[in-house]
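# Observations on the three-dimensional arrangement
As a plain string of letters, each chain reads:
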Amino acid sequence: MPANDGTNAPLLEAVGVGHSYGRKLVLNDVSLSVQCGEAVAIVGENGAGKSTLMRICAGLIRPDCGDVRARGRVGYCPQIPGLFDLLNADEHLWLFAPALGLSHEQVLGQGRTLLAELGFPVGDRSQARHLSGGARQKLNLALALLGGARVLLLDEPYQGFDRGAYVSFWEHVSGWQAKGLAVVVVTHLLTDLALVDRVFELETPRGSRSQFEASAR
Amino acid sequence: MRLNRVTVPAAMTGRELVRRYVALGLLTVLPLAFYGASLSSGPHHAAITGGIAMAFSVAGASIFAALTARPVDQRLVLAGYHPYELLLGRLLFLELFGVVVSALFSLIMVLGTEPPHPVLLGVGVELVAVTSVPFGLAVGALAPTELEGVLILIGVVGIQLTLDSTRTIAKLLPFWGPQRLLEHSLNASVPIGLSLMVALAYASALLVAATYIVHRRAPVSRTIGNPSVPA
């Protein structure tokens, strides 16, 4: 049973979201709500708009229509790690510290704990460009978790993970649920679907933006 | 605004740039190469060419810093930075880098050219560097990729280099003010008028443009209520 924060309001709520890239319609009237302590998997074929929906929910893209609201800090883990190639893990943590209102010591303590839990070689001074794909992804994920996020938007967060790290990731998802976080994971793996509370399937909109606008009228 | 919200991004920009040894070396040598290659046309011509070519180095570094940081900046703003804090941090380090590199380069040019007004030559080169940072940050914020950014840089600085400073088009470009100062340092009969003020106004306008663009691209807040409420 997921933890509850005492209210029935969802931690993340997207209503009637629509988005196009030029003439190509990617999302049409998508609504999603995620409760406190709930884990939701977003699935769909390539081009269905999974990553676009995540970016809209994170606030990185303004949707053409619809509204998205989150209660509490949003942690976003992009599909392609957003890292500085020439900075090491500790420097990335330090860079995030002022944004999160943490001191250098606090962010190193919190970040290194997260990294250790994910199986990252803590203390490794290698620049991000010299890390393995899995290690980069672990750093990417840890940065999303920093600062006590209440809503986690994880876009295929375990790419490059070995089997042990993958299993550990899902154990962490259970832990985050127990703490009352709302977790949204984009996935292509069928095995993941049994590990979440709900599966949200995005269908690829057929047609162009103008056709949808015409049908809406 | 707490100071570390600007100084930490500035320090990280510095670490990123300093670790690009090859690029840094090329950026530093580039104006020197322009200066050396132009010496055959006379020391005065070489000093103006080399001075303006400083823009390739400093603006190039600024464009690259802005474009490299763009995907990470989105996450940093999402985490709690204001876009202008990141811009200010980057500006701080790059201006420092530009001032140091252009001071060294000015010294070489003064020794090689022996201008009648060596201090003004130094001020002209420094002004190129000072203007180059907001120019590079604005181009970096606007250009979709490095290719477009570098092409804009080559276009603007290249045109400035080839044009006579009395031409109207030259006056519309960002490095006209420093160009006039450089010319005046070598030939006192060239009037400088308001060129210093024009250069500083141009640099300020470019900074405002860069701030506006990064602000437009910044993530939108999705959070309602108190984001610090513990889970």
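Residues numbered from 1 in each chain as written. Chains lettered and ligands numbered in written order. Predicted model: local features only at pLDDT ≥ 70, side-chain atom pairs only at ≥ 80, totals over all residues. Heavy atoms only, no water.

## Describing helix α4 (residues 83-113) of chain B
Taking 1.5 Å per residue as the helical rise, α4 of chain B with its 31 residues ought to reach 45 Å, and the 43 Å between its terminal C-alpha atoms agrees with that figure. Looking one or two residues beyond α4 of chain B, the residue adopting positive phi is Glu114 of chain B, at roughly 50 degrees. (Helix = DSSP H or I, 4+ residues; strand = E, 2+ residues; numbered from the N terminus. Expected span 1.5 Å × (residues − 1).)

## Some remarks on the state of the cysteines
One pass over the structure, following the stated rule, counts zero disulfides over all chains. Lacking any disulfide linkage, Cys77 of chain A is separated from the closest cysteine sulfur, that of Cys57 of chain A, by 15 Å. (Disulfide = S-S within 2.5 Å.)

## A closer look at unusual backbone geometry
With phi around 50 degrees, Asp29 of chain A is a residue other than glycine that occupies positive phi space. Tracing the backbone shows Asp29 of chain A in strand β2 (residues 24-34).

## A word on the confidence of the model for chain A
Averaged over every residue, the pLDDT of chain A is 87; residues scoring 70 or more account for 91%. Scored below 50 in pLDDT, residues 211-217 of chain A makes five contacts in the model with residues more than four places away or belonging to other chains. (pLDDT = per-residue confidence, 0-100. Contact = heavy atoms within 4.5 Å.)

## Points about helix α8 (residues 176-186) of chain B
Residue and element names in this part refer to chain B. Among the 11 residues that make up α8, 11 are buried, leaving the element largely enclosed by the rest of the structure. Within α8 the residues assigned to the buried category are Trp176, Gly177, Pro178, Gln179, Arg180, Leu181, Leu182, Glu183, His184, Ser185 and Leu186. Lining the buried residues of α8 we find α3 (43-79), α4, α5 (118-142), α6 (146-162), α7 (168-172) and α9 (195-217). (Buried < 20%, exposed > 50% of the residue type's maximum accessible area, 1.4 Å probe, protein only.)

## Considering the pattern of salt bridges
Residues and elements named next belong to chain A. Summed over all chains, the structure comprises 11 salt bridges over all chains. Of the charged contacts in the structure, one is a salt bridge between Asp85 and Arg136, with a shortest N-O distance of 3.3 Å. In this pair, Asp85 is assigned in the loop between β5 (74-77) and α2 (89-100) and Arg136 in helix α4 (residues 133-145), connecting sequence segments 51 residues apart. According to the relative accessible area criterion, Asp85 is partly exposed, its value standing at 33%. The shortest N-O distance in the salt bridge between Arg112 and Asp90 comes to 2.5 Å. Pair noted here: Arg112 is in helix α3 (residues 104-117) and Asp90 is in helix α2, with a separation of 22 residues, a long-range link. On the basis of relative accessibility, which here comes to 33%, the residue Arg112 falls in the partly exposed class. (Salt bridge = Lys/Arg side-chain N within 4 Å of Asp/Glu carboxyl O.)

## Details of the interface of chain A and chain B
Taken together, the contact between chain A and chain B spans 40 residues of the former and 31 residues of the latter. Between chain A and chain B lies a buried interface of about 3,300 Å² when both sides are counted; carbon and sulfur atoms form 59% of it. Where chain A touches chain B, the interface holds two salt bridges. Residue Arg19 of chain B pairs with Glu91 of chain A through a salt bridge whose shortest N-O separation is 2.7 Å. Counting every contact that joins chain A to chain B gives 11 residue pairs in polar contact (both at pLDDT 80 or more). For the side of chain A that touches chain B, the secondary-structure elements that each account for two or more residues are α1 (50-58), β4 (65-71), β5, α2 and α4 of chain A. (Buried area = accessible area lost by both parts, 1.4 Å probe. Polar contact = N/O pair within 3.5 Å; in protein donor to acceptor, adjacent residues only side chain to side chain.)

## Structural notes on the nonpolar core
Membership of the largest hydrophobic core comes to 55 residues, with the highest contact counts inside it found for Leu154, Phe169, Trp176 and Val183 of chain A. Leaving out residues up to four positions away in the same chain, Leu154 of chain A has contacts with Met54, Cys77, Leu141, Phe169, Trp176, Val183, Val184, Val185 and Val186 of chain A. Counting 50 residues, the second largest nonpolar core, distinct from the first, contains Ala53, Ala61, Ala66 and Leu67 of chain B. (Core = buried A, V, L, I, M, F, W, Y, C linked by side-chain atoms within 4.5 Å.)

## Comments concerning the environment of Leu39 of chain B
All names here are of chain B. With respect to the helices and strands, the residue Leu39 is situated in the loop between α2 (21-38) and α3. Relative accessible area serves as the criterion here: at 38%, Leu39 is assigned to the partly exposed category. Each C-alpha atom of the pair Leu39 and Ala138 lies 32 Å from the other, and the pair is 99 residues apart in sequence.

## A short note on the packing of aromatic side chains
All names here are of chain A. Tallied over the entire structure, the rule returns eight aromatic pairs over all chains. Pairing Phe169 with Trp170 gives two aromatic rings, centres 5.2 Å apart and planes at 75 degrees, and the pair type is edge-to-face. Side by side, Phe169 and Trp170 carry an identical accessibility label, which is buried. The structure contains a cluster of three or more aromatic residues connected by ring pairs, namely Tyr158, Tyr166, Phe169, Trp170 and Trp176. Between Lys138 and the ring centre of Phe161, over which it is positioned, the NZ or CZ distance is 5.7 Å. (Phe/Tyr/Trp six-rings, centres within 6.5 Å; stacked < 30°, edge-to-face > 60°. Lys NZ or Arg CZ within 6 Å of the ring centre and 35° of its normal.)

## Quick look at the sheet that holds strand β8 (residues 198-201) of chain A
Residue and element names in this part refer to chain A. The strand order across the open sheet built from five strands is β5-β6-β7-β3-β8, with neighbouring strands paired in parallel fashion. In this open sheet, the two strands that pair with only one neighbour each are β5 and β8. Direction aside, neighbouring strands of the sheet carry axes that sit 15 degrees apart on average. Where strand β6 (residues 151-155) and strand β7 (residues 182-186) come together, five bridges link them in parallel fashion. Of the residues in β7, the one forming a bridge with Leu154 is Val185. Together, β5 and β6 form the strand contacts of α4, whose direction differs from that of β5 by roughly 170 degrees. (Pairing = 2+ DSSP bridges. Axes fitted to C-alpha atoms, helices over the stretch in contact; angles between N-to-C directions.)

## A look at the pairing of strand β1 (residues 12-21) of chain A
Residue and element names in this part refer to chain A. Across the 10 residues of β1, seven count as buried, placing the element largely inside the fold. One ladder, built from seven bridges, connects β1 with β2; its direction is antiparallel. Note on β2: the bridge partner recorded for Ser20 is Leu25. Between β1 and β2, which pair antiparallel and follow one another directly, the connecting turn spans two residues, one of which, Gly22, has a positive phi of 65 degrees. The sheet contact formed by β1 and β4 spans five bridges and is antiparallel. Its bridge partner lying in β4, Ala14 is registered against Val68.

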